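Inside the fold
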Amino acid sequence: MTHDILIGIDFGTGGCKITITDCQGEVLDSLSGEYPSAHPHPGWSEQHPADWWRVMCETLARLQQRPVWQNARVAAVAMDSYTHGAVLLDEQLQVIRPTIIWTDQRSATESRELKEKAGDMIFATGYQMPTPTWTLPQMLWLKRHEPENMQRLRHISFVKDYIRFLLCGELATDRIECQGTLFYDMKQHRWSDELCELGGFSSAMLPPIAGITDIAGKVTAEAAKATGLPIGTPVVMGTSDSAVEDYAAGAIEPGQCILKLATAGNVNVMTAEAHPHPATLTYAHVIPGMWYTVTATNAAAICQRWFRELVCAEEKLEAEATGVNVYEIIDRKAKTSPPGSNGVFFHPYLSGERSPYWDPKLRGSFTGMSMGTTRGDLARALLEGVAYSLKDCHRTITEMQLPVKEYILIGGGAKSSIWSRIICDLFQAPCTVPASCDASFGSALLAGVGVGVFPDEETAIRRCLKIARQLEPDRSQAAFYEQQFALYRRLHDALAPVYAVM
């Protein structure tokens, strides 16, 4: 008997995840694939769009061999992706160069100059201050250092939008994705000619803007052959991964706060209106009329991936031999170390840092090691260091006096019992962990809204949200972690001037 399925496809910084749900929002299956980032110079981060397409197609092919695909009719597909990733296209709509991604720090000089030259205008128009994360300073860097590529430029797309173009042949973007560029006028709801001029190109090169749940097109015959998706499948617009993650976790009311342990780490507070601040990011919410304020650390769960590759050869071999996830094995090592990691601290500045320092020169570090330091101490220190970084981000939320009534813990790191426990004890607040809270799940729901399976965005998530567990803080750890966090900050303050001259 044929049954309808919804497909959500997430393009994160480290890879592609695809989630399949039924039309009641029940997760039927999911699968991920990793793609590489290139770092041609210190502080640079790039990805090639061909890798996104390749990994998506490979992951879809693997899913199509599994039971969920049998007798299934794909009702709709929607995608999301990380923001700030401009795909530069020439007149023939061919990719000109690899995409500079949001962790890239090469445009620090351009960001500083933009602040000095037009910071007030940029902030008033785009609700953000220029930093290397944003597309605007990246484009200015390209204008100065790769003029030949800028001369070839005719169209600008973005990560999920480019993949959707390959699926259905139409260039477009959505109302939240465009806010992640610093080319968008937040009050006028249109591309800003003035901001584009600062970046050295015409706003005519940017795509038309559509609604998140609009149908952007249908899968073409050529795309169907490459992906296995049926010809004519509706492709819903989708939006940015951060917005969809908040939505998928059920953060749809003012005062709910997301603590995200994914590739990056976020502290996102839902608000009834925009609260632009020079030290935060400000985005519209999936729910029309709502907003959210973001403070973010550049590297969270990606620190574990880095640690896995650099330090954990033994754990990787054990994982291959036993079939146990390598991160579970690393977590077991971390659990052998007590709170405080026997004096070892980790600062997760592997890609510079965003909130609250906005300092691209910061670098990661382990400090406090001794001859007695174990691999378990390092593994736990890494988890604690990322947690301290989220707490550091939260300081800005506190200073802005944005009310928080509930903490929701999401991301791959939320699956770790030790990591979620550290977060809960450090923040000294109850934490809710949703059962399905990643962006691909949210995108599947938006696909359903787009084709009428659900009447609207809010109904979809209220109907489909499930909670995996509730965490209560260990009050006896409050004073200890307060002291540890103070030491973490003192170490940052001591090391930052050194990194500034390196």
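Refer to the preceding data block for the structure.
Residues numbered from 1 in each chain as written. Predicted model: local features only at pLDDT ≥ 70, side-chain atom pairs only at ≥ 80, totals over all residues. Heavy atoms only, no water.

Points about the sheet that holds strand β22 (residues 431–434)
On the basis of which strands lie adjacent, the open sheet formed by 7 strands has the order β17-β18-β16-β15-β21-β22-β23 and mixed pairing. Here the strands that pair on one side only, and so sit at the sheet edges, are β17 (281–284) and β23 (467–471). The average undirected angle you get between the axes of adjacent strands in this sheet is 25°. Pairing analysis gives 4 bridges linking β22 to β23, with the strands arranged antiparallel. Note on β23: the bridge partner recorded for Pro434 is Ile467. Its contacts with the sheet put helix α12 (residues 375–400) on β15 (256–261), β16 (265–271), β18 (291–297) and β21 (406–410), and the angle it makes with β18 is roughly 140°. (Pairing = 2+ DSSP bridges. Helix = DSSP H or I, 4+ residues; strand = E, 2+ residues; numbered from the N terminus. Axes fitted to C-alpha atoms, helices over the stretch in contact; angles between N-to-C directions. Contact = heavy atoms within 4.5 Å.)

Structural notes on the nonpolar core
With 74 residues, the main nonpolar core has Met139, Leu153, Ile156, Phe183, Phe201 and Tyr247 as its most contacted residues. Here the element with the most residues in this core is helix α14 (residues 439–450); it accounts for 7 residues. (Core = buried A, V, L, I, M, F, W, Y, C linked by side-chain atoms within 4.5 Å. Buried < 20%, exposed > 50% of the residue type's maximum accessible area, 1.4 Å probe, protein only.)

Quick notes on helix α3 (residues 135–145)
The buried fraction of α3 amounts to 8 of the 11 residues, a majority that puts the element mostly inside the structure. Within α3, the full set of buried residues consists of Thr135, Leu136, Pro137, Gln138, Met139, Leu140, Trp141 and Leu142. Looking at the packing, one finds that the buried side of α3 touches β6 (86–89), β7 (99–100), α2 (108–126), α4 (147–152), β8 (155–158) and α6 (193–199).

Here we look at the pattern of salt bridges
The final tally for this structure, using the stated rule, is 34 salt bridges. Taking the shortest distance from any N to any O, the salt bridge between Lys17 and Asp438 comes out at 2.4 Å. Separated by 421 residues along the polypeptide, Lys17 in strand β2 (residues 15–21) and Asp438 in the loop between β22 and α14 bring together distant segments of the chain. Notably, a salt bridge pairs Glu458 with Arg462, separated by 2.9 Å at the nearest N-O pair. Here Glu458 pairs with Arg462, and both are found in helix α15 (residues 457–464), just 4 residues apart, close to one helical turn. Within the structure, one salt-bridge network assembled from shared partners comprises Glu34, Arg305, Arg308, Glu309 and Lys316. (Salt bridge = Lys/Arg side-chain N within 4 Å of Asp/Glu carboxyl O.)

So, the sheet that holds strand β14 (residues 234–240)
Here 6 strands make up an open sheet; going across it, the order is β3-β2-β1-β5-β14-β13 and the pairing mixed. Edge positions in the sheet fall to β3 (27–34) and β13 (215–218), since each of these pairs with one other strand and no more. Taken over all neighbouring pairs, the strand axes of this sheet differ in orientation by 25° on average, direction set aside. Note: strand β1 (residues 3–11) against strand β5 (residues 72–81), 9 bridges, orientation parallel. Each bridged residue has a counterpart across the sheet, and for Asp10 the counterpart in β5 is Asp80. Sitting on the sheet, α14 is in contact with β1, β2, β3, β5, β13 and β14, with an inclination near 130° to β1.

Quick word on the environment of Gly442
Within the element layout of this structure, Gly442 appears in helix α14. Take Gly442: its relative accessible area is 0%, and that puts it in the buried class. On a C-alpha basis, the gap between Gly442 and Ala319 in space is 30 Å, while along the polypeptide they are 123 residues apart. What Gly442 contacts, discounting residues up to four positions off in sequence, is Val244, Tyr247 and Ala248.

Some remarks on the side chain of Glu46
Note that Glu46 resides in strand β4 (residues 46–47). Here Arg97 takes part through its side chain, which lies 3.0 Å from a polar atom of the side chain of Glu46. Only 2.7 Å separates the side chain of Glu46 from the side chain of Arg106, close enough to count as a polar contact. What Glu46 contacts, discounting residues up to four positions off in sequence, is Pro36, Ser37, Ala38, Pro40, Arg97, Pro98, Thr99, Ile100, Ile101 and Arg106. (Polar contact = N/O pair within 3.5 Å; in protein donor to acceptor, adjacent residues only side chain to side chain.)

Examining a nonpolar patch on the surface
Side chains of Trp306, Leu310 and Leu350 sit close together on the surface and give an oily, nonpolar patch of about 270 Å² of accessible area. With relative accessibility at 58%, the residue Leu310 sits in the exposed group. (Patch = residues over 30% accessible without salt bridge, like charges linked within 9 Å, V, L, I, M, F, W, Y side chains within 5 Å. Areas by Shrake-Rupley, 256 points an atom, 1.4 Å probe, with all protein chains shown as cover.)

Some points on the packing of helix α9 (residues 301–311) against α12
Between α9 and α12, whose axes approach to 10 Å, the crossing angle comes to 160°. The angle between α9 and α12 places the two elements in the roughly antiparallel class. For the element pair α9 and α12, the recorded crossing hand is right-handed. In contact with Cys303, Gln304, Phe307 and Val311 of α9, α12 contributes Arg375, Leu378, Ala379, Leu382, Leu383 and Val386. The residue inventory of the contact of α9 with α12, partitioned by class, reads 8 nonpolar, 1 polar and 1 charged. (Parallel < 35°, antiparallel > 145°, perpendicular 65-115°, else oblique. Left-handed = near helix turned anticlockwise from the far one by under 90°. Nonpolar A, V, L, I, M, F, W, Y, C, P; charged D, E, K, R; others polar.)

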